[in-house]
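# A structural walkthrough
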Amino acid sequence: MKNDIYEKMEILSNSAKYDVSCSSSGVETNYKKGELGATHTSGICHSFTPDGRCVSLLKVLLTNICIYDCAYCINRISNDIPRAVFTPRELADITINFYKRNYIEGLFLSSGIVKTEDHTMTLILKALKILRYEYKFNGYIHVKLIPASSMELVEQIVKLANRVSSNIELPSDKSLKLLAPNKTKEKVLQPLKFARDLSLEKNQKPIGMSTQLIVGATPESDRDILKLSSALYDKALLKRVYYSAYIPVNDDRNLPSIVSKPPMLREHRLYQADWLLRFYDFSWEEIVTDEFPNLDEDLDPKAFWAINNLKYFPMEINTASKEELLRIPGIGARGVFKILKARRFKRLTFDDLKKLKISIKKAKYFITCDKEFQKQVPFYRENIRTALIKPEVKKIIQPSLFDISSITGEL
Ligand code: SF4
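Residues numbered from 1 in each chain as written. Predicted model: local features only at pLDDT ≥ 70, side-chain atom pairs only at ≥ 80, totals over all residues. Heavy atoms only, no water.

Our next topic: the packing of aromatic side chains. Enumeration according to the criterion identifies 10 aromatic pairs in this entry. Ring plane angle 80° and centroid distance 5.2 Å describe the contact between Tyr 243 and Tyr 271, whose orientation is recorded as edge-to-face. Of this pair, Tyr 243 sits in strand 7 (residues 240-245) while Tyr 271 sits in helix 8 (residues 264-279), and the two are 28 residues apart along the sequence. Under the relative-accessibility criterion, Tyr 271 is labelled partly exposed at 23%. With a centroid separation of 5.7 Å and 15° between ring planes, the pair formed by Trp 305 and Tyr 312 is classed as stacked. On the basis of relative accessibility, which here comes to 3%, the residue Trp 305 falls in the buried class. These aromatic residues form a ring-pair network of at least three members: Phe 282, Trp 305, Tyr 312, Phe 313 and Phe 366. Over the face of the ring belonging to Phe 282 we find Arg 327, whose NZ or CZ atom lies 3.8 Å from the ring centre. Sitting over the ring of Trp 305, Arg 327 keeps its end group 5.0 Å from the ring centre. (Phe/Tyr/Trp six-rings, centres within 6.5 Å; stacked < 30°, edge-to-face > 60°. Helix = DSSP H or I, 4+ residues; strand = E, 2+ residues; numbered from the N terminus. Buried < 20%, exposed > 50% of the residue type's maximum accessible area, 1.4 Å probe, protein only. Lys NZ or Arg CZ within 6 Å of the ring centre and 35° of its normal.)

Looking now at the side chain of Asp 222. Structurally, Asp 222 is set in helix 7 (residues 222-234). Owing to a relative accessible area of 3%, Asp 222 belongs among the buried residues under this scheme. Excluding its chain neighbours within four sequence positions, the residues that come into contact with Asp 222 are Arg 266, Leu 270, Val 288, Pro 293, Asn 294 and Leu 295. (Contact = heavy atoms within 4.5 Å.)

Moving on, we get to the packing of helix 1 (residues 5-15) against helix 2 (residues 88-100). One way to put it is that helix 1 packs onto helix 2 with a least axis distance of 12 Å and a crossing angle of 85°. When the axis of helix 1 is compared with that of helix 2, the two are roughly perpendicular. From helix 1, Ile 5, Lys 8 and Met 9 reach across to helix 2, where they touch Glu 90, Ile 94 and Phe 98. The residue makeup of the contact of helix 1 with helix 2, split by class, is 4 nonpolar, no polar and 2 charged. (Axes fitted to C-alpha atoms, helices over the stretch in contact; angles between N-to-C directions. Parallel < 35°, antiparallel > 145°, perpendicular 65-115°, else oblique. Nonpolar A, V, L, I, M, F, W, Y, C, P; charged D, E, K, R; others polar.)

Now for the side chain of Glu 220. Assignment of secondary structure puts Glu 220 in the loop between strand 6 (208-215) and helix 7. One buried charged side chain, Glu 220, makes no salt bridge at all; its nearest oppositely charged neighbour is Arg 266, positioned 7.0 Å away. Here Ser 172 takes part through its side chain, which lies 2.5 Å from a polar atom of the side chain of Glu 220. Separated by 2.4 Å, the side chains of Glu 220 and Thr 218 make a polar contact. Apart from residues lying up to four places away in sequence, Glu 220 is in contact with Pro 171, Ser 172, Ser 175 and Arg 266. (Lys, Arg positive; Asp, Glu negative; His and termini not counted. Salt bridge = Lys/Arg side-chain N within 4 Å of Asp/Glu carboxyl O. Polar contact = N/O pair within 3.5 Å; in protein donor to acceptor, adjacent residues only side chain to side chain.)

The immediate surroundings of the ligand are formed by Cys 66, Tyr 68, Cys 70, Cys 73, Arg 76, Gly 112 and Lys 183. Of the residues belonging to the shell around the ligand, the class tally is 4 nonpolar, 1 polar and 2 charged. (Near = heavy atom within 4 Å.)

Take the pairing of strand 7 next. Across the 6 residues of strand 7, 5 count as buried, placing the element largely inside the fold. Judged from the 6 bridges that link them, strand 6 and strand 7 form a sheet pairing that is parallel. Along strand 7, the bridge assignment pairs Ile 214 with Ser 244. Taking the sense of rotation as the criterion, the β-α-β connection linking strand 6, helix 7 and strand 7 turns out right-handed. (Pairing = 2+ DSSP bridges. Right-handed = clockwise from strand over helix to strand, strands pointing away.)

Going from Phe 313 to Pro 314, the amide bond is cis rather than trans, its omega being -5°. If you trace the backbone, Pro 314 turns up in the loop between helix 10 (301-308) and strand 8 (315-316). A positive phi is found at Ala 148, a non-glycine position, where the angle reads about 65°. With respect to the helices, strands and loops of the structure, Ala 148 is situated in the loop between strand 4 (140-144) and helix 4 (151-160). Residue classification places Ala 148 among the partly exposed positions, given a relative accessible area of 32%.

This is the structure:
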């Protein structure tokens, strides 16, 4: 067990780096020892406050001691690693010192489970009380709640924190049972449900809540993952679901090989699909279906949906509703706003879209402008998919006149 405060800091900030549920930065740079500018090791991460500000946070664990044995976790009890624990006073002092030096604007505090769930939450609460009441610290604090801890402690922490989260980690009960037998989805979500109900009861603005799902450690499909995220958003339980590509840290027969690469592209596609759920009014059943339960790694999810639903296309830019325009691949909310504004004055052509600075790189396969269909690949799923993935293919695939007229004739 480490006692030196710097050693503790090194161990406990390093152990926190696998948690992404606070919009971590973690961009690799060419940092060399003794130079300034290390961004990838650990310690400071960035997050976004409810009003959209980006803040730097001290990202650290209270302790990396844990009585649980989750198979995917570096801090599990069966791992032989250096261990450390901050006292609440040490943690509060470090936070305030970093804050005073302008290194951070807030704290992201997570923890392993030391002795019991309630004992750990009591230590966290003590640190928060020192920060808020003694040091009068009004900065941003995000706390990871401990599953199965008492609701009295949850209530007190919710009063002092700006955001709380509780990590579900694995998308199904079956996987949780296999890899994290001390946890169940219910246990993990219980403190979040309690915090939500508390704010509803007291007619208060709900506190920001989030969770993390590990991607690629277990066999669940993107459909399973997005179905779960969607249910959590629908119940107004969470503000954000964070997806974390599985990074192998333990050799375990129930997990991917220790040398396997984290599925970063899959993680990225899930974030894009999540964006469609939250801001583009898509349902999870539209994005991932029985036929295609996983997102297409080569296409963004909106383009993936579009090629699987060609019956809605090509779409006429001048007559489509706002909701329909939002479904065109490559055209975002800003582009839709510009189109709606501009078409009040004239029927738009492809030149007009260009003047409006709306990229039609992807959209050209799915739209007509004043009945003109510009991108002439045969209007079939595979042809459009290939053209979207490899733009150079457009030179090879030449449509027949019949293909074009049959499309425009339907408008
Ligand atoms: S409870 Fe958290 S810290 Fe403990 S082993 Fe499981 S994932 Fe790791």
